[in-house]
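Here are the chains, one letter per residue:
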Amino acid sequence: MSEKDSNRSANHGMQQVSDSDLPLISVILPVYNIRSYLPACMGSLFCQTYTNLEFLLIDDGSTDGSSDLCDRYAQEDPRVIVIHQKNGGLSVARNEGIRKARGTYITCVDPDDYVDRDYVEYLYDLIRKYGTRMSICQHRVLKQSRVIHEYGREGDGKLSARECIERMLYHDVIDTSAWAKLYEASLFREVRYPEGKVFEDIATTWKLMLQCDSIAVGYESKYSYLVREDSIVTGSFQERKLDLLEMTDQMGEGVLKVFPDLQSAVLRRRVYARFSVLNQMANTEHTRKRELIRFIRKNGRSVLRDARAPVRDKRAILLLSVSYPLYRSAWAWMKRKETASWT
């Protein structure tokens, strides 16, 4: 039986005795029309080896039966707290969970994903081992029940906030996601996710890191991220995907106020964001295409000279410098090849 199947078959009605010496950890799940995925997620949480937990299910106005399923979990497991609210979006739901959390620590889990049985224990042990206020683990990416990317490896360590943010800007092991991290709850006193925006974690995670002298990083994958065709990231282009540019620029401006020496890293991330949006616009005639292309061409030479910039970025810049049609053809070919490897 695979780990995923094992997690899904966990009997969430069975309770283990919590160790009163361990701090309470709040697990926040923003729930919206996710009924078919929620059982796998909750199954993986109910069987956690770390037991002093509370699960805050923030039902953000679901209409597919997710609300009833959340209530059923609350009836079966006293650690589950359900909050029903009008639909306000992911940030509104996550912020409500933060407000209601009673734990010393907080971790976020998206309800269409699932976690390893020792996910919470692993993150907490990292905080205890290195004496930090925040810890990070790695993740694996799944599509159609298959692992298509495995980012984990062995080992762990401690990074300064500056090192962590720099690596995040380069997509070097550390990412901006809200999940796969454990936070001291006090880090959220002055920080909330921007409401009404998508890619909200890009504008938030660096602020949490910045409050830490150091951050514990575990290199093992403990979180399984499911690729969905209808997700914000993979779905067809919508105007709200332009939020990626705003959130990235906000992060860049904020980082440079504290670490002005990270200018190259910030520029690389801003160029990457333009490529990401440009790729989403590939089959549209959006009026901002030319603006994005101009930005990339103007700043591309600096990224090409940056030894830490990914080779993938540099190839994309070189192709776009020749012509946009050439770049678009190369991108389409790469996506077809990638999709074929998933099936």
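The rules behind these values
- Residues numbered from 1 in each chain as written.
- Predicted model: local features only at pLDDT ≥ 70, side-chain atom pairs only at ≥ 80, totals over all residues.
- Heavy atoms only, no water.
- pLDDT = per-residue confidence, 0-100.
- Contact = heavy atoms within 4.5 Å.
- Helix = DSSP H or I, 4+ residues; strand = E, 2+ residues; numbered from the N terminus.
- Buried < 20%, exposed > 50% of the residue type's maximum accessible area, 1.4 Å probe, protein only.
- Polar contact = N/O pair within 3.5 Å; in protein donor to acceptor, adjacent residues only side chain to side chain.
- Expected span 1.5 Å × (residues − 1).
- Salt bridge = Lys/Arg side-chain N within 4 Å of Asp/Glu carboxyl O.
- Phe/Tyr/Trp six-rings, centres within 6.5 Å; stacked < 30°, edge-to-face > 60°.
- Lys NZ or Arg CZ within 6 Å of the ring centre and 35° of its normal.

(A) Molecular detail of the confidence of the model for the protein chain. A residue-level look at the protein chain finds 91% of positions with pLDDT of 70 or above and a mean pLDDT of 92. Within the model, the stretch residues 1–18 combines pLDDT values under 50 with 30 contacts to residues more than four positions away or in other chains.

(B) Fine view of the side chain of D313. Note on placement: D313 falls in helix α11 (residues 311–322). The class of D313 is buried, set by a relative accessible area of 6%. A distance of 3.4 Å separates a polar atom in the side chain of D313 from a polar atom in the side chain of R312. Sequence-distant contacts of D313, that is, excluding residues within four places in its chain, are made with R268, Y272 and F275.

(C) Representation of helix α2 (residues 38–46). By the criterion of burial, α2 is predominantly enclosed, with 8 of the 9 residues buried. For α2, the full list of buried residues reads L38, A40, C41, M42, G43, S44, L45 and F46.

(D) Representation of helix α8 (residues 243–258). A rise of 1.5 Å per residue sets the reference length of α8, with its 16 residues, at 22 Å; its end C-alpha atoms lie 23 Å apart and thus fit the reference within 8%. Among all positions in α8, only D243, L244, L245, M247, T248, D249, M251, G252, G254 and V255 are buried. The secondary structure elements touched by the buried residues of α8 are α6 (161–169), α7 (205–210), α9 (263–280) and α10 (289–304).

(E) Spatial organisation of the pattern of salt bridges. The full count for this structure, using the stated rule, is 27 salt bridges. Between R94 and D110 there is a salt bridge whose closest N-O contact spans 3.2 Å. Here the residue R94 occupies a position in helix α4 (residues 90–100), and D110 occupies one in the loop between β4 (105–108) and β5 (114–115), the gap between them amounting to 16 residues. Exposure remark for R94: the relative accessible area of 2% places this residue in the buried category.

(F) Focus on the packing of aromatic side chains. Per the stated rule, a full pass over the model turns up 10 aromatic pairs. With centroids separated by 6.0 Å and ring planes inclined at 70°, the aromatic side chains of Y105 and Y124 adopt a geometry described as edge-to-face. With Y105 in strand β4 and Y124 in helix α5 (residues 119–130), this residue pair connects regions lying 19 residues apart in the sequence. For the pair Y183 and F188, a centre-to-centre distance of 5.3 Å together with 75° between the ring planes defines the contact as edge-to-face. On the basis of relative accessible area, Y183 is assigned to the buried category, the value being 0%. The lysine or arginine in question, R153, covers the ring of Y219, its NZ or CZ lying 4.6 Å from the ring centre. Taking NZ or CZ as reference, K222 lies 5.2 Å from the ring centre of Y122, over its face.

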